[in-house]
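Survey of secondary and tertiary structure
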Amino acid sequence: MLVASPDLLAAQGTPSLPSDLASWATLALATSGDRFTWTLLRESESAEARINPRFVSDDMYALRRAALDGVGIALLPQLICDEELQQGRLKRVLPEWGCTPSEIQATFPTRRGMLPAVRFLIDYLASHPPEAEGAS
């Protein structure tokens, strides 16, 4: 979901379309290229927003911190920013738009010798996908 600090939105207004994001301060996950594009979905509609991020990081928690500090709009999983949303420290931007769900993959060499805690984690992740928790 797209999130920003209430102070940033109060100072600059709120974008109304994904294409508006091109002129906004944004925060992005590091990619292998030098172009940044967010593909956003709304029901069966898709829109690409080319952004010029003010801050780039490979750490989602650093992006959340920058969003909380009013540096820009971030595209983050609900799991990472749910508490801040509930407390009003972050607000959703373009709430009707989201992105495609991501995958979690667990790779391990063999089941022989696997610690019970690792097996429990894998079983838990397989039986509790984020969609079941209402993630965006």
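Structural data are supplied above this passage.
First, a word on what this report is: a plain description of the structure on this page. (Residues numbered from 1 in each chain as written. Predicted model: local features only at pLDDT ≥ 70, side-chain atom pairs only at ≥ 80, totals over all residues. Heavy atoms only, no water.)

A look at the pairing of strand β3 (residues 36-42)
Moving residue by residue along a regular strand, the side chains alternate between the two faces of the sheet. The sheet contact formed by β3 and strand β4 (residues 45-51) spans seven bridges and is antiparallel. Within the sheet, the bridge partner assigned to Arg42 lies in β4 and is Glu45. Where β3 hands over to β4, the hairpin turn is made up of two residues, of which Glu43 adopts a positive phi near 55 degrees. (Pairing = 2+ DSSP bridges. Helix = DSSP H or I, 4+ residues; strand = E, 2+ residues; numbered from the N terminus.)

Examining the packing of helix α2 (residues 60-68) against helix α3 (residues 78-87)
It is the contact of α2 with α3, at a shortest axis distance of 10 Å, that shows an interaxial angle of 25 degrees. When the axis of α2 is compared with that of α3, the two are roughly parallel. Every pair of crossing elements has a handedness; the one defined by α2 and α3 is right-handed. Contacts from Met60, Tyr61, Arg64 and Leu68 of α2 reach α3 at Ile80, Cys81 and Glu84. (Axes fitted to C-alpha atoms, helices over the stretch in contact; angles between N-to-C directions. Parallel < 35°, antiparallel > 145°, perpendicular 65-115°, else oblique. Left-handed = near helix turned anticlockwise from the far one by under 90°. Contact = heavy atoms within 4.5 Å.)

Digging into the sheet that holds strand β7 (residues 91-93)
Across the sheet, five strands lie side by side as β5-β2-β6-β1-β7; this open sheet has mixed pairing. Edge strands, defined here as strands with exactly one partner in the open sheet, are β5 (55-57) and β7. For this sheet, the mean inter-axis angle between neighbouring strands, taken without regard to orientation, is 30 degrees. One ladder, built from two bridges, connects strand β1 (residues 2-4) with strand β6 (residues 73-75); its direction is antiparallel. Looking across to β6, one finds that Val3 is bridged to Ala74.

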